[in-house]
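These are the residues of each chain, in order.
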Amino acid sequence: MVETIEGIVLKTSDYQEKSKILQVFTKEHGLIGIYLKGANQYKSKAFAIAQPISHAFFNVNYHSGLSNCYNGELIQAFQSLKLDFTKNVYIYHLFELIMKNIEQHEAIPYLYDLLLDIIAKSEKAEEIKLIKIYCLYFELKLLHFIGIDPVLSNCVECGSREGIANFDIGKGGFICQKHLDKTQQRFSIISLEALYHLYHQDIGNIALNIDDKIIKELRALVSQFYLYHLGVRTNASKYLE
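Residues numbered from 1 in each chain as written. Predicted model: local features only at pLDDT ≥ 70, side-chain atom pairs only at ≥ 80, totals over all residues. Heavy atoms only, no water.

(A) How the structure looks around the pattern of salt bridges. One pass over the full model with this rule turns up 7 salt bridges. Note that Lys27 is salt-bridged to Asp113, the shortest N-O span being 3.2 Å. Taken together, the residues span a long stretch of sequence, with Lys27 in the loop between strand E2 (19-26) and strand E3 (30-36) and Asp113 in helix H3 (residues 109-124) at a distance of 86 residues. Lys27 sits in the partly exposed class, given a relative accessible area of 31%. (Salt bridge = Lys/Arg side-chain N within 4 Å of Asp/Glu carboxyl O. Helix = DSSP H or I, 4+ residues; strand = E, 2+ residues; numbered from the N terminus. Buried < 20%, exposed > 50% of the residue type's maximum accessible area, 1.4 Å probe, protein only.)

(B) Layout of the pairing of strand E7 (residues 173-176). In terms of strand pairing, strand E6 (residues 164-168) meets E7 through 4 bridges, oriented antiparallel. Paired with Asp168 across the two strands is Gly173, which belongs to E7. (Pairing = 2+ DSSP bridges.)

(C) Structural view of helix H2 (residues 85-101). Taking 1.5 Å of rise per residue, 17 residues should cover 24 Å, and H2 covers 24 Å from first to last C-alpha, within 8% of that figure. Most of H2 is tucked away, with 12 of its 17 residues classed as buried. Of all the residues in H2, the buried ones are Lys87, Asn88, Val89, Tyr90, Ile91, His93, Leu94, Phe95, Glu96, Leu97, Ile98 and Asn101. The distance from a side-chain oxygen at the start of H2 to the backbone nitrogen of Thr86 is 3.2 Å, and the residue carrying that oxygen is Asp84. (Expected span 1.5 Å × (residues − 1). Polar contact = N/O pair within 3.5 Å; in protein donor to acceptor, adjacent residues only side chain to side chain.)

Listed below in structure tokens is the structure:
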């Protein structure tokens, strides 16, 4: 049975001479693989919807394996974003995290809508700083759906909400002064406060005037957390700074 699904193309690979296999993050079925015949031909109607970052409708015969796509309709091309390397490297970083950490066929409508919102905001953003903040925000939300949220409301050792002094990567959360290991990497209190607010706020209310130095600390913290707890470092991560 053919159904119409909405999705964002994360990755493409050539299949035979004229076709492509797409990794698509869909609203209805989560991350799925799609076979799109003729998508490798520039004059084909399928060419536009088979590009990474494209947002489109796909008419597919959905399967738990590879789904066949008969045709589709482009919703948003995000063309200016695709042509801006400095911007799209952050988007590709998020795409890699999704493909490496989300199970196939697991629908997560909130995460899908958030990703689409961040792509749209990134295309319009005039400052790269905003995209860095949106990227960090998404990464923190992704950790929640993976099920390994960092502990950001109290000390991970004793549960105290007072005297928070650092974030311990290995222990996965805030550490109070009493349990502080001075041999561990130190993050500034201002950065810890920014991390807390970034994690708990809605994307429409997050502070976008965060200092560049704090953003750099948060990037180091979040990247180390993913590497330590998930063993994940994206190919795009080396370009994030």
